[in-house]
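Listed below are the residues making up each chain.
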Amino acid sequence: MFVRTDDSCNSDLSSDSCEYYQTEIFGLLPSSQAHLRTHADAVTHDSDESFHLDRVSWNPSVPLRALPVCLQDKRDIRKQQNLQRSSIGNWESWRRSQQTTRRRIKEHVGRALSRLLPWSHTLHKIEGQFGVGVKAYFVFLRYLLCLNLLYCVIIAGSVLTPTLVYRENSRHQRLPLGYKDIFVGSGVLEHSPVFHSFYTRGSLDLDCLNTPILFLLGMISILFLSIIMVVRRTVVGYKHSWLTGNRFSSNLSYKVFCGWDFCIQDRQAASLKQNFIRNELKMDLEEQTFHERVQSRSLRHWVQLILFRVFLNFLVLILLGSSFTLIHYSIVLSRNEHKDLHWTLSLMLEYLPPITMTTINYVLPHIFSKVSEFEDYSLTIQLNLTLIRSIFLKLASLGIYLFFLIRPPAVQNCSDTKVCKQIPVCGENEFGKEMYKLTIFNFLECFFTAFFVAYPRALLVEKFPSSSLLAKKQFEISFNVLDLVNSQTVTWVGMFYCPLLPAISAVRLLFLFYIKKFTVVRCCAPAQRMFRTASSSVLFHFMLLLGLSMSVVTLVVNINRFDQGGCGPFKDRNVSNVTNVCKEALPEQVQNTISYITSEAFAFALILAEVVVLTSYVSRGRANRKAIERLKDMLVMCSSDKRFLVKQHSTITRRQLRR
């Protein structure tokens, strides 16, 4: 029986701790018993109450509604706040009011920026109908679109605008734009702002302010910005997945009884919310069933399963080796001369490596998906394993393609005119053309797959609904994410030699969003099996980080390969010559500073500083991990306290009824 005093909480929404301290049964709670067993010197009720008051003391930097306390405590804090205002000085009062104003402005700006994000209503609808996994794909696509638009702004300000303003008159004759030129990047496009040769030195020819320096600074700033944004997003996602991953046990009763949003008034929004809760429950029950099946496995079953997994991984390695060999032969065949053929056949041969890579990247991931099903993993692990194998396939195939592009064909001498004609005049443009062709072909492949494969299949399903051979496909998240990562890697690789490639990629992603939306809504069925996207989203950005690393390596190798540029801003010179000329024009103190920054001593000091920072972060992470474990134990004990109180209440009620 609860005995309330005059100082008891007046709110029915008070927290458990506020109720516990006001009952005679507090000492019998499981959490109190555990506390007494852990700490031999148990504190008294008065010290507990003073600790509670200290715990909820008002902090001006934290908004009152964000404090995890009951309503009566918030009222007390509000009174304390009013008393402090009369006792503090004018400066302190002004400082606190300004702090509150800045916090509110930050909140309003955050809400305004969140409203500026495109397709929010569309993503909410897709989440309700097809789950959070499909929504994660579209959020990832929107993130890449915003990233490429930011690249366009940087390139327009640091590369394109100075070149257009200070560029000398071009002596190239104007060529007509043919159909083949659009797909290959030849003809008039070769001398347009799309490719590297357009950005000549021009009249802006100072030592440290010229087109090559601006071009180099623009590209380096894009790469650094990409590294910072991708690493930050990966780390934030990893922290969230670690907190809510396998160590986090969700409560089904909370989702059933407390998961509904009572502010919903629209019937469609209510249906979407029902679908979302149902998908969450399906994921929880699926994971619980799988863990029970894993715990019931015998030793013999484990040995057989491990041997079978080893065999399947060996089969995957064989498939990967065969695909790499096929890509090599397609590259060799496309480099042969084919001038006597019709332009359509010549175009097909030039696109033979992208066609081969696309075919392999389309077929093998489906095989990997079937292989992962036989390995008897959970659905989330199956998805991640398929992603890892498929991204290795895509990045490795792209790496092989880049390797043969970087390595020119072996030429002993140039006495033969036919052999000399095979050597490109501007190697930078040729490399940019290959990345341009990969981007264009990727868009064409998505377009034809949506409107000439998926849509006719959906029409046949609607016309013959009783057929067992036809059924609507499910949206394959892993394969579509891999396409995004592969296309963004191509954009990063070719950005230096095709500066407008981010703009082309932004337009492609804009059309791709609506194409994929049409494919999902019109041609796909909701997945029967759901999975969590916490760890998968981290894997998406980690794969993006791998693609960014590959692009940086390719750029460094290409810069060292072209000793003297054949065209563009670095014509008849290289990057080191341009930077050395700028360095020599600087004052002596700045030169000494740059020399020290590029020396081994500074690198050693930087490594030591990184070690100290990483050590502090690791220590903080361990402390946070222990705090999280303690909070989880407190949640468990809180649920035990509630069960104990319910049991005591039922016992008292039965006694009263007997009387």
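Residues numbered from 1 in each chain as written. Predicted model: local features only at pLDDT ≥ 70, side-chain atom pairs only at ≥ 80, totals over all residues. Heavy atoms only, no water.

It is worth spelling out the overall build of the protein chain at this point. When helices and strands are tallied, the protein chain shows 23 helices and two strands. Here the protein chain, with 659 residues, has 37% of them falling under the buried criterion. The long-range fraction of contacts in the protein chain, counting pairs at least 24 apart against all pairs at least 6 apart in sequence, stands at 78%. (Helix = DSSP H or I, 4+ residues; strand = E, 2+ residues; numbered from the N terminus. Buried < 20%, exposed > 50% of the residue type's maximum accessible area, 1.4 Å probe, protein only. Contact = heavy atoms within 4.5 Å.)

Because an α-helix completes one turn every 3.6 residues, residues spaced three or four positions apart along the sequence face the same direction. Given a rise of 1.5 Å per residue, 18 residues ought to cover 26 Å, and the 26 Å separating the end C-alpha atoms of helix 18 (residues 477–494) matches this to within 8%. Of all 18 residues making up helix 18, 17 are buried, and the element is well covered by its neighbours. (Expected span 1.5 Å × (residues − 1).)

Joining two cysteines, a disulfide is a covalent bond between their sulfur atoms. If you walk through the whole model with that rule in mind, you get one disulfide. At a sulfur-sulfur separation of 2.2 Å, the disulfide partner of Cys208 is Cys582. One quick way to see it: the torsion about the S-S bond of Cys208 and Cys582 is about 115 degrees, and its sign makes the bridge right-handed. Of this pair, Cys208 sits in the loop between helix 8 (179–184) and helix 9 (211–243) while Cys582 is found in helix 21 (residues 575–585), placing the two residues 374 residues apart along the sequence. (Disulfide = S-S within 2.5 Å.)

What follows covers the packing of aromatic side chains. Counted according to the given criterion, the structure contains 25 aromatic pairs. Ring plane angle 20 degrees and centroid distance 5.3 Å describe the contact between Phe451 and Phe518, whose orientation is recorded as stacked. Of the two residues, Phe451 is situated in helix 17 (residues 427–463) and Phe518 in helix 19 (residues 501–523); the sequence distance between them amounts to 67 residues. Since its relative accessible area comes to 30%, Phe451 is described here as partly exposed. On the accessibility criterion, Phe518 (26% relative accessible area) is partly exposed. What links up through ring pairs into an aromatic cluster is the set Phe198, Tyr199, Phe215, Phe431, Phe496, Tyr497 and Phe570. Across from the ring centre of Trp302, 4.9 Å away, lies the NZ or CZ of Arg297, which sits over that ring. The ring of Tyr377 carries Arg309 above its face, with NZ or CZ at 3.9 Å from the centroid. (Phe/Tyr/Trp six-rings, centres within 6.5 Å; stacked < 30°, edge-to-face > 60°. Lys NZ or Arg CZ within 6 Å of the ring centre and 35° of its normal.)

All told, the structure shown has six salt bridges when counted by the stated rule. Among the ionic pairs, Lys433 bridges to Glu190, the shortest N-O distance being 3.2 Å. With Lys433 in helix 17 and Glu190 in the loop between helix 8 and helix 9, the pair connects residues that are 243 residues apart, well separated along the chain. Across this residue pair, the class does not change: Lys433 and Glu190 are buried. Two residues, Arg389 and Glu375, come together in a salt bridge whose shortest N-O distance is 2.8 Å. Residue Arg389 is located in helix 15 (residues 379–406), and its partner Glu375 is located in the loop between helix 14 (352–374) and helix 15; the two are separated by 14 residues in the primary sequence. Given the relative accessible area of 0%, Glu375 is considered buried. Three or more residues joined by partner-sharing salt bridges are found here, namely Glu190, Glu430 and Lys433. (Salt bridge = Lys/Arg side-chain N within 4 Å of Asp/Glu carboxyl O.)

Let's shift gears to a nonpolar patch on the surface. On the surface, a cluster of nonpolar side chains totalling about 600 Å² of accessible area is made up of Leu299, Trp302, Val303, Ile306, Leu307 and Val310. Here Val310 falls in the exposed class, since its relative accessible area comes to 54%. (Patch = residues over 30% accessible without salt bridge, like charges linked within 9 Å, V, L, I, M, F, W, Y side chains within 5 Å. Areas by Shrake-Rupley, 256 points an atom, 1.4 Å probe, with all protein chains shown as cover.)

Inspection of the secondary structure assignment puts Arg142 in helix 7 (residues 132–166). Among the polar contacts made by the side chain of Arg142, one reaches the main-chain carbonyl oxygen of Pro118 at a distance of 2.9 Å. Arg142 has contacts with Leu117, Pro118, Trp119, Ser120 and Leu123, leaving out every residue within four places of it along the chain. (Polar contact = N/O pair within 3.5 Å; in protein donor to acceptor, adjacent residues only side chain to side chain.)

Let us now look at the nonpolar core. With 93 residues, the main nonpolar core has Tyr137 and Met435 as its most contacted residues. Take this core: its biggest share by element is 13 residues, from helix 7. (Core = buried A, V, L, I, M, F, W, Y, C linked by side-chain atoms within 4.5 Å.)

Here we come to the packing of helix 12 (residues 299–334) against helix 14. Packing of helix 12 against helix 14 leaves a shortest axis separation of 10 Å and a crossing angle of 175 degrees. It follows from the interaxial angle that helix 12 and helix 14 lie roughly antiparallel. Across the interface between the two elements, Phe308, Leu312, Val316, Leu319, Leu320, Ser323, Leu326, Ile327, Ser330, Ile331, Leu333 and Ser334 from helix 12 touch Leu352, Pro353, Thr356, Met357, Ile360, Leu364, Ile367, Phe368, Val371 and Phe374 from helix 14. Classifying every residue of the contact of helix 12 with helix 14 by side-chain character gives 18 nonpolar, four polar and no charged. (Axes fitted to C-alpha atoms, helices over the stretch in contact; angles between N-to-C directions. Parallel < 35°, antiparallel > 145°, perpendicular 65-115°, else oblique. Nonpolar A, V, L, I, M, F, W, Y, C, P; charged D, E, K, R; others polar.)

What follows covers the confidence of the model for the protein chain. For the protein chain, mean pLDDT is 77; residues scoring 70 or higher make up 77% of the total. Summarising per-element confidence for the protein chain, the mean pLDDT is lowest in helix 3 (residues 45–55) (41) and highest in helix 19 (93). Note on residues 40–58: pLDDT under 50 across the span, and 16 contacts to partners over four residues away in sequence or across chains. (pLDDT = per-residue confidence, 0-100.)

Under the local residue numbering, the UniProt record ascribes the feature "transmembrane region" (unreviewed entry) to residues 143–166, 213–231, 306–331, 387–406, 440–460, 492–515, 536–559 and 601–618. Here residues 143–166 is 100% helix and 0% strand, with 34 Å between the C-alpha atoms at its ends. What you have in residues 492–515 is 75% helix and 0% strand, and the ends, taken at the C-alpha atoms, are 23 Å apart. (UniProt positions renumbered as here; feature names shortened; annotations may be inferred.)

So, on to unusual backbone geometry. For Trp119, which is not glycine, the phi dihedral falls at a positive 65 degrees. Here Trp119 is to be found in the loop between helix 5 (90–116) and helix 6 (120–130). A relative accessible area of 15% means that Trp119 is categorised as buried.

So, about the environment of Leu444. You can see Leu444 is positioned in helix 17. Looking at Leu444, the relative accessible area reads 24%, which means it is partly exposed. Between the C-alpha atoms of Leu444 and Arg508, which are 64 residues apart in sequence, the distance is 9.8 Å.

On the surface, Arg622, Arg625, Lys626 and Arg630 cluster together into a patch of positive charge. Turning to its location among the elements, Arg625 is positioned in helix 23 (residues 600–658). On the basis of relative accessible area, Arg625 is assigned to the partly exposed category, the value being 38%. (Lys, Arg positive; Asp, Glu negative; His and termini not counted. Charge placed at Lys NZ, Arg CZ, Asp CG, Glu CD.)

Another aspect to go through is the side chain of Lys437. By secondary structure assignment, the location of Lys437 is in helix 17. Classification of Lys437 by relative accessible area gives buried; the value is 5%. There is a polar contact of 3.3 Å between the side chain of Lys437 and the side chain of Glu434. When near neighbours in sequence (up to four residues on either side) are disregarded, Lys437 contacts Phe183, Val184, Glu350 and Tyr351.

Let's shift gears to the packing of helix 15 against helix 18. Contact geometry of helix 15 with helix 18 gives a least axis separation of 10 Å together with a crossing angle of 30 degrees. Looking at the two axes, helix 15 sits roughly parallel to helix 18. The handedness of the crossing between helix 15 and helix 18 is right-handed. In this structure, helix 15 contributes Leu383, Thr386, Leu387, Ser390, Ile391, Lys394, Leu395, Leu398 and Leu402 to the contact, and helix 18 contributes Ser478, Phe479, Leu482, Asp483, Val485, Asn486, Thr489, Val490 and Val493. Partitioning the contact of helix 15 with helix 18 into residue classes produces 11 nonpolar, five polar and two charged. (Left-handed = near helix turned anticlockwise from the far one by under 90°.)

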